[in-house]
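Examination of the molecular architecture
Single-letter residue listing:
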Amino acid sequence: MTDMPSLAEGYEISADPARIDVERVHRWLSTDAYWALERPREKQDRAIEGSLNFGVYEVVSGEQVAYARVVTDRATFAWLCDVYVDPSVRGKGIGSALVGTVREELRPYGIRRILLATHDAHGVYEKLGFAPLERPDQWMAFGF
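An account of the accompanying structure is given in this report.

The rules behind each value
Residues numbered from 1 in each chain as written. Predicted model: local features only at pLDDT ≥ 70, side-chain atom pairs only at ≥ 80, totals over all residues. Heavy atoms only, no water. Helix = DSSP H or I, 4+ residues; strand = E, 2+ residues; numbered from the N terminus. Rg over C-alpha atoms; globule rule 2.2 N^0.38 Å. Buried < 20%, exposed > 50% of the residue type's maximum accessible area, 1.4 Å probe, protein only. Contact = heavy atoms within 4.5 Å. Areas by Shrake-Rupley, 256 points an atom, 1.4 Å probe, with all protein chains shown as cover. Pairing = 2+ DSSP bridges. Axes fitted to C-alpha atoms, helices over the stretch in contact; angles between N-to-C directions. Salt bridge = Lys/Arg side-chain N within 4 Å of Asp/Glu carboxyl O. Core = buried A, V, L, I, M, F, W, Y, C linked by side-chain atoms within 4.5 Å.

1. Side note on the overall build of the protein
Summing up its helical and strand segments, the protein has four helices and five strands in all. For 144 residues, the compact-globule estimate of 2.2 N^0.38 gives 15 Å, and the C-alpha radius of gyration of the protein, at 15 Å, lies within 12% of that figure. Taken along its principal axes, the extent of the C-alpha atoms in the protein is 45 × 35 × 30 Å. Counting the 144 residues in the protein, one finds 39% classified as buried. Long-range contacts, defined here as pairs at least 24 residues apart, represent 60% of the contacts in the protein between residues at least 6 apart. With the model as given, the accessible surface of the protein reaches about 8900 Å², and the carbon-plus-sulfur share is 52%.

2. Focus on the sheet that holds strand β2 (residues 52-58)
Here we have five strands laid out as an open sheet, ordered β1-β2-β3-β4-β5, and mixed in their pairing. A single partner strand is all that each edge strand has here, and the edge strands are β1 (11-14) and β5 (114-115). Relative to β2, β1 runs antiparallel, the two sharing four bridges. Each residue of the ladder has a partner; that of I13, found in β2, is V56. Against the sheet, helix α1 (residues 22-32) makes contact with β3 (64-72) and β4 (78-85), and its axis sits at roughly 80° relative to β3, the strand it touches most.

3. A word on the pattern of salt bridges
Taken as a whole, this structure holds twelve salt bridges when the rule is applied. The salt bridge partner of R41 is D45, with a shortest N-O separation of 2.8 Å. One end of the pair is R41 and the other is D45, both in helix α2 (residues 41-49) and four residues apart, which spans about a single turn. What makes R41 partly exposed here is its relative accessible area of 29%.

4. As for the nonpolar core
If you look at the biggest cluster of nonpolar residues, it comprises 24 residues, and the most contacted ones within it are V70, L80, I94 and V102. Of all the elements in the fold, those that place two or more residues in this core are β2, β3, β4 and α3 (94-106). Looking at this core, the element that brings in the most residues is α3, giving five residues. Leave out the neighbours within four places in its chain, and V102 touches F54, A68, V70 and L80. The next biggest cluster of nonpolar side chains, apart from the first, holds ten residues, and it includes A33, I48, Y67 and Y84.

Functional significance is not addressed by these values, which are geometric in nature.
Take a look at the structure:
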């Protein structure tokens, strides 16, 4: 199993949904995340409400600096999505620590597989134990 990345000093991770800065998360995703550009606020709010949410916060200010969302039934399936680290703190290992924490928080549920999709961060996720699908020919998708 991949080691748990440590979080940079001065930051903390929380799964408390009340701490999520929904305005900031919406701004990040709808203006700077290729997969969610122009996502309406109402849609983002519904996504947050229906998911497990994780944030990384500066300890002193309480300001949110990163976000990740998990769609799951807490038994058999989990999809890690909307992983975003503010550009001002990138390169400090915050994203790796966040994803590692998400992985460990899901472990007690007995979920066999956590899925994610990425266009450009394969190396980051591989360091955390993620790998391409062994049998992608068995997977299908439906899109509107």
